[in-house]
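These are the residues of each chain, in order.
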Amino acid sequence: HYPLRRQRQMCIRDSVEGDVIFEGATHHFEDSTINVKSDNLLLRSGNFGVLQANANALVTAINTNITVDDGNVEFTTTSQLDSQTSNIVVNSGNIVFSDDSVLDFTSSSSLTINTGDFDLFDRTALTATNTAVDVNGGNFRAFNDATLDFSIVDMFVGGNVQFVDQINMVVD
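Residues numbered from 1 in each chain as written. Predicted model: local features only at pLDDT ≥ 70, side-chain atom pairs only at ≥ 80, totals over all residues. Heavy atoms only, no water.

Attention now moves to the packing of aromatic side chains. Tallied over the full model, the rule gives 5 aromatic pairs. Taking the centre distance of 5.4 Å and the plane angle of 20° together, the rings of Phe 118 and Phe 140 count as stacked. Taken together, the residues span a long stretch of sequence, with Phe 118 in strand β13 (residues 117-121) and Phe 140 in strand β15 (residues 139-143) at a distance of 22 residues. In this structure Phe 140 comes out as buried when scored by relative accessible area, which is 0%. (Phe/Tyr/Trp six-rings, centres within 6.5 Å; stacked < 30°, edge-to-face > 60°. Helix = DSSP H or I, 4+ residues; strand = E, 2+ residues; numbered from the N terminus. Buried < 20%, exposed > 50% of the residue type's maximum accessible area, 1.4 Å probe, protein only.)

Shown next as structure tokens:
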């Protein structure tokens, strides 16, 4: 008889220091915690790479630049992105938060949409404190019971902003 060994599922649980680049592939995180500190998270791909955070996944970005070039970032099923003193730039591609997911911007973070889509729907919550939101092009859309909670937020709109299907919005 050979002893049965339980195969361990790989999870990212530790902090990453330096650049994290997802290029040309799908990265799926479920019941995981991802911390990226001091540098860059870059998603780019001619083949439309995908970063997915699902089922209670937590991604924390501290002093980090997150850039989406020709890719997709998807947070679903109660997953969360905490962005502290960080910048998210959508040059092309899509960022989607859905199904009770949370995006929390704090401490001088920014969201810039140059082209592509930034969508919040199905009971998703966006909390932004001391944050800049620039919609230079592309779409910023919230619908289907999304909640937007803005406190000390500067917002520039040069693209499209759309609120549809009962949006809860708090502005301080």
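Alright, that's what it looks like, and here's the rest.
What follows covers the pairing of strand β10 (residues 93-97). The buried fraction of β10 amounts to 4 of the 5 residues, a majority that puts the element mostly inside the structure. Examined bridge by bridge, strand β7 (residues 71-75) and β10 share 5 bridges and lie parallel to one another. When the sheet's bridge partners are listed, Val 73 is paired in β10 with Ile 95. Note: β10 against β13, 4 bridges, orientation parallel. Residue pairing across strands places Phe 97 opposite Leu 120, the latter belonging to β13. (Pairing = 2+ DSSP bridges.)

Counted by the stated rule, this structure contains 3 salt bridges. Ionic pairing is found between Asp 117 and Arg 141, a salt bridge with its closest N-O pair at 3.3 Å. Residue Asp 117 is located in strand β13, and its partner Arg 141 is located in strand β15; the two are separated by 24 residues in the primary sequence. Of the residues examined, Asp 117 reaches a relative accessible area of 17% and is grouped as buried. In this structure, the salt-bridge partner of Asp 119 is Arg 141, at a minimum N-O distance of 2.7 Å. A residue pair is termed long-range when its members are at least 10 positions apart, and Asp 119 in strand β13 and Arg 141 in strand β15 qualify at 22 residues. On the accessibility criterion, Asp 119 (9% relative accessible area) is buried. Here the residues in one salt-bridge network are Asp 117, Asp 119 and Arg 141, joined through shared partners. (Salt bridge = Lys/Arg side-chain N within 4 Å of Asp/Glu carboxyl O.)

Taken residue by residue, the protein chain gives an average pLDDT of 78. The fraction at 70 or more is 71%. For the stretch residues 1-16, pLDDT sits under 50, and the model shows 12 contacts to residues farther than four places along the chain or on other chains. (pLDDT = per-residue confidence, 0-100. Contact = heavy atoms within 4.5 Å.)

The subject of this paragraph is the environment of Asp 99. Note that Asp 99 resides in the loop between β10 and β11 (102-106). Separated by 45 residues in sequence, Asp 99 and Asn 144 place their C-alpha atoms 10.0 Å apart.

The subject of this paragraph is unusual backbone geometry. For Arg 123, which is not glycine, the phi torsion reads 65° and is therefore positive. For Arg 123, the location among the structural elements is in the loop between β13 and β14 (125-135). For Ile 152, which is not glycine, the phi dihedral falls at a positive 55°. Structurally, Ile 152 can be placed in strand β16 (residues 147-157). Note on Ile 152: relative accessible area 58%, which makes it exposed.

Side chains of Met 155, Val 157, Val 161, Phe 163, Met 169 and Val 171 sit close together on the surface and give an oily, nonpolar patch of about 490 Å² of accessible area. Considering the arrangement of structural elements, one finds Met 155 in strand β16. The exposure class of Met 155 is partly exposed, given its relative accessible area of 34%. (Patch = residues over 30% accessible without salt bridge, like charges linked within 9 Å, V, L, I, M, F, W, Y side chains within 5 Å. Areas by Shrake-Rupley, 256 points an atom, 1.4 Å probe, with all protein chains shown as cover.)

Here Ile 167 is to be found in the loop between β17 (160-164) and β18 (168-171). Spatially, the C-alpha atoms of Ile 167 and Asp 145 are 5.2 Å apart, while their sequence positions differ by 22 residues. Beyond its immediate stretch of four places on either side in the chain, Ile 167 contacts Ala 142, Phe 143, Asn 144, Ala 146 and Leu 148.

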